[in-house]
Amino acid sequence: MPIPVSDTTFSIPFRYLWSTNFSGDLAELNERPSGLARFVGDHKNQILRIFSDEHSFRLCQQLSDDSSRHLWPLVLFGASGTGKTSLALALISEICDQKLSLEPNPSSNVSAADSPAQNPSSTKSRSQSRLNDKPVVLSAIDFDRRFRAAIASDSVADFRRRMLRCSGLVIDDVQQIVDKSATQNELLYLIDQRALRNRPLIFTLDRDPVRCDGLSPQLISRMSGGLCLPVHAPGRDALKTILLDLAQCHHLTLTDNAIALLLDRLQVTVPKILHFFSQLKMAVRTESVDEAESQSLPVIDATFITRMFYRSESDRLKLAK
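Along every chain, residues carry numbers that run from 1 in the direction the sequence is written. pLDDT decides what is reported in this predicted model: residues at 70 or higher carry local features, side-chain atom pairs at 80 or more are listed and counted, and totals for whole chains, interfaces and linings draw on all residues regardless. To get the side-chain values, take all heavy atoms of the structure and skip hydrogens and water.

A.B. asks: Run through the pairing of strand β1 (residues 10–13), naming residues and quoting values.
C.D. replies: Side-chain alternation along β1 places Phe10 and Ile12 on one buried face and Ser11 and Pro13 on a second face that is also buried. Whether two strands pair comes down to DSSP finding at least two bridges between them. By definition, any uninterrupted DSSP run of H or I lasting at least four residues is a helix, any uninterrupted run of E lasting at least two residues is a strand, and each is numbered from the N terminus. Pairing analysis gives 4 bridges linking β1 to strand β5 (residues 38–41), with the strands arranged antiparallel. When the sheet's bridge partners are listed, Ile12 is paired in β5 with Phe39. Classification of residues uses two cut-offs on accessible area relative to the type maximum, computed with a 1.4 Å probe and protein chains only: under 20% is buried, over 50% is exposed, and between them is partly exposed.

Here it is as C-alpha cells:
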C-alpha cells in the first residue's frame, strides 16, 4: 500500500505494468506495477496535476474523444530521470484502454454469416485487430533506424501503416534525431496523419522543443501546437512521499531525523534515489540488522545513515555525483 500523498502533493498512478525495450510493441503483464508504481508531484510539477488520480479518468475520456484531436501530439519535456518516459507509458496505456472501452463490442453485432462457426476467418481477423490495440513505444533512434531500413527495403508504406494503425504511439527522446531531416519529415507526416485519425501520439524530449537546436521549424511548430508540458525533478514535499513509499517497498522504517537528513542530502532524480535505497538495503545487511528479531520493520535513523555515508574515506557512499 503506497504512502498517501499529502495536501501539497499529488499522485499519478501507473495502473498497468508494461515492459518494453524500445523495440516496438509494449508487452502487458497480468499484474499491477511493483515498487514506486506512481509519479509523485508537488508545487514543482503542478501543471501535471491534470493527470492525477482525481482527474485522470475524465481527462483520458476527453482525450479519447474525436474533438480532442487538436491536442496531439502530447509532449513531455524535462531533464533525464524526471519520469517522462514512465509518465508517457502510463498515459498511453490509460488513453488507449479508455478508447477501447468506448468502442462498441464487435461480438455484440456479429451476424450469423460472420460467426466463428460460419466464418472461421472472422475470428482470426478480430484477433489480428486486437493486436493493433496495443500501443507502440520506440526511442527516437530506433524510429530512425526502422525508417531508414524501410527506405532501403522499399517498404515505407508498410512502416507507415504500422505507425498509423497502432492504438497509441510513443517516441522517446526526440532530441536524438536532431539534424536528421528525413526522419523529422516522417515525424511531421505521422503527426498530421495520426491527428486526422485521433490516434494518441506522445513525444518526450530532454528540453523544451523550442530550445532544441537541430529540429526543423516545422516539427517544432507541430510539437508545440499540441499539449506541451514540462516535467521537473521532485520538490521537497514530493521527495518526502517518495522516500516513505520506497522505504515501505524495501521493508524499512525511516525515523523523522533520518528523513530530515535525507531531504537535505538527496536533491537528485528518482533513479538515483532508487539506487540509494539499494545501497541502504545492503548497508542494513552489512550492519547485521536481524529482521527476524521482531515483527517490526528495521528502523533506520540519522545515526545509521551517517555511518553509512562516512564508513571510510576510501569507500564513501555519495548521494549525488
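There's more to say after this.
A.B. asks: Kindly report on the pairing of strand β9 (residues 201–205), identifying the contributing residues and their values.
C.D. replies: Taking burial as the measure, the 5 residues of β9 include 5 buried ones, the bulk of the element. Burial along β9 is two-sided: Leu201, Phe203 and Leu205 facing one way and Ile202 and Thr204 facing the other are all buried. In this sheet, β9 lies alongside strand β6 (residues 74–77) in parallel orientation, the contact comprising 4 bridges. Pairing of Phe77 across the sheet is with Leu205, part of β9. The pairing of strand β8 (residues 169–172) with β9 spans 3 bridges and is classified as parallel. Along β9, the bridge assignment pairs Val170 with Ile202. With strands facing away from the observer, any crossover in which the path from the first strand over the helix to the second runs clockwise is taken as right-handed. Traced from β8 through helix α6 (residues 181–196) to β9, the parallel crossover comes out right-handed.

A.B. asks: Tell me about the packing of helix α5 (residues 156–165) against α6, residues and numbers included.
C.D. replies: Working convention: axes come from line fits to C-alpha atoms, limited for helices to the stretch in contact. Angles between N-to-C directions cover 0 to 180 degrees. Look at α5 against α6: their axes get within 10 Å of each other, and the N-to-C directions meet at 45 degrees. Judged by the angle between their axes, α5 and α6 are oblique. Once α5 is placed against α6, the crossing between them reads as right-handed. Residues Phe159, Arg160, Met163 and Leu164 of α5 touch α6, and the partners they reach there are Glu186, Tyr189, Leu190, Gln193 and Arg194. Under the scheme applied, nonpolar residues are Ala, Val, Leu, Ile, Met, Phe, Trp, Tyr, Cys and Pro; charged residues are Asp, Glu, Lys and Arg; polar residues are all the others, including Gly. Taken together, the residues that form the contact of α5 with α6 break down as 5 nonpolar, 1 polar and 3 charged. Roughly parallel refers to an angle under 35 degrees, roughly antiparallel to one over 145, roughly perpendicular to one between 65 and 115, and oblique to any angle outside these ranges. Throughout, a crossing is termed right-handed when the near helix is turned clockwise from the far one, and left-handed when it is turned anticlockwise from it by less than a right angle. A contact between two residues is defined here by any heavy atoms of the two lying within 4.5 Å.

A.B. asks: Quick rundown of the side chain of Ser93? Include the residues and the values.
C.D. replies: Checked against the element boundaries, Ser93 lands in helix α2 (residues 84–102). In this structure Ser93 comes out as buried when scored by relative accessible area, which is 1%. What qualifies as a polar contact is a pair of N or O atoms within 3.5 Å, subject to a donor-acceptor requirement within protein and to the restriction that residues adjacent in sequence count only when both atoms come from side chains. From its side chain, Ser93 meets the backbone oxygen of Ala90 in a polar contact 2.8 Å long.

A.B. asks: I'd like to hear about the confidence of the model for the protein chain, residue by residue, with values.
C.D. replies: Confidence in the prediction of the protein chain, expressed as mean pLDDT, is 77, and 68% of residues score 70 or more. The quantity known as pLDDT measures the predictor's confidence residue by residue, on a range of 0 to 100. When the elements of the protein chain are averaged for pLDDT, helix α3 (residues 120–131) gives the smallest value, 44, and helix α4 (residues 140–152) the largest, 96. In the model, residues 106–117 has pLDDT below 50 throughout and makes 13 contacts with residues more than four positions away in sequence or in other chains. Under a pLDDT of 50 for its full length, residues 120–132 has, in the predicted model, 13 contacts with residues more than four places off or in other chains.

A.B. asks: Give a description of the side chain of Glu186 that names residues and reports values.
C.D. replies: Among the structural elements, Glu186 can be located in helix α6. With near-sequence residues (within four places) excluded, Glu186 lies in contact with Phe143, Phe147, Phe159 and Arg160.

A.B. asks: Lay out the pattern of salt bridges in plain terms, naming residues and giving numbers.
C.D. replies: Throughout this description, the term salt bridge denotes a Lys or Arg side-chain nitrogen within 4 Å of a carboxyl oxygen of Asp or Glu. Counted under the stated rule, the structure contains 9 salt bridges. Across the pair Asp144 and Lys180 runs a salt bridge whose closest N-O atoms are separated by 3.8 Å. In this pair, Asp144 is assigned in helix α4 and Lys180 in the loop between β8 and α6, connecting sequence segments 36 residues apart. For Asp144, a relative accessible area of 5% corresponds to the buried category. With a shortest N-O distance of 2.9 Å, Arg160 and Glu186 are connected by a salt bridge. Here Glu186 lies in helix α6 and Arg160 lies in helix α5, a separation of 26 residues in the sequence. Taking relative accessible area as the criterion, Glu186 reaches 2% and is therefore assigned buried. Each of Asp144, Arg148 and Lys180 takes part in salt bridges that share partners, so that together they form one network.

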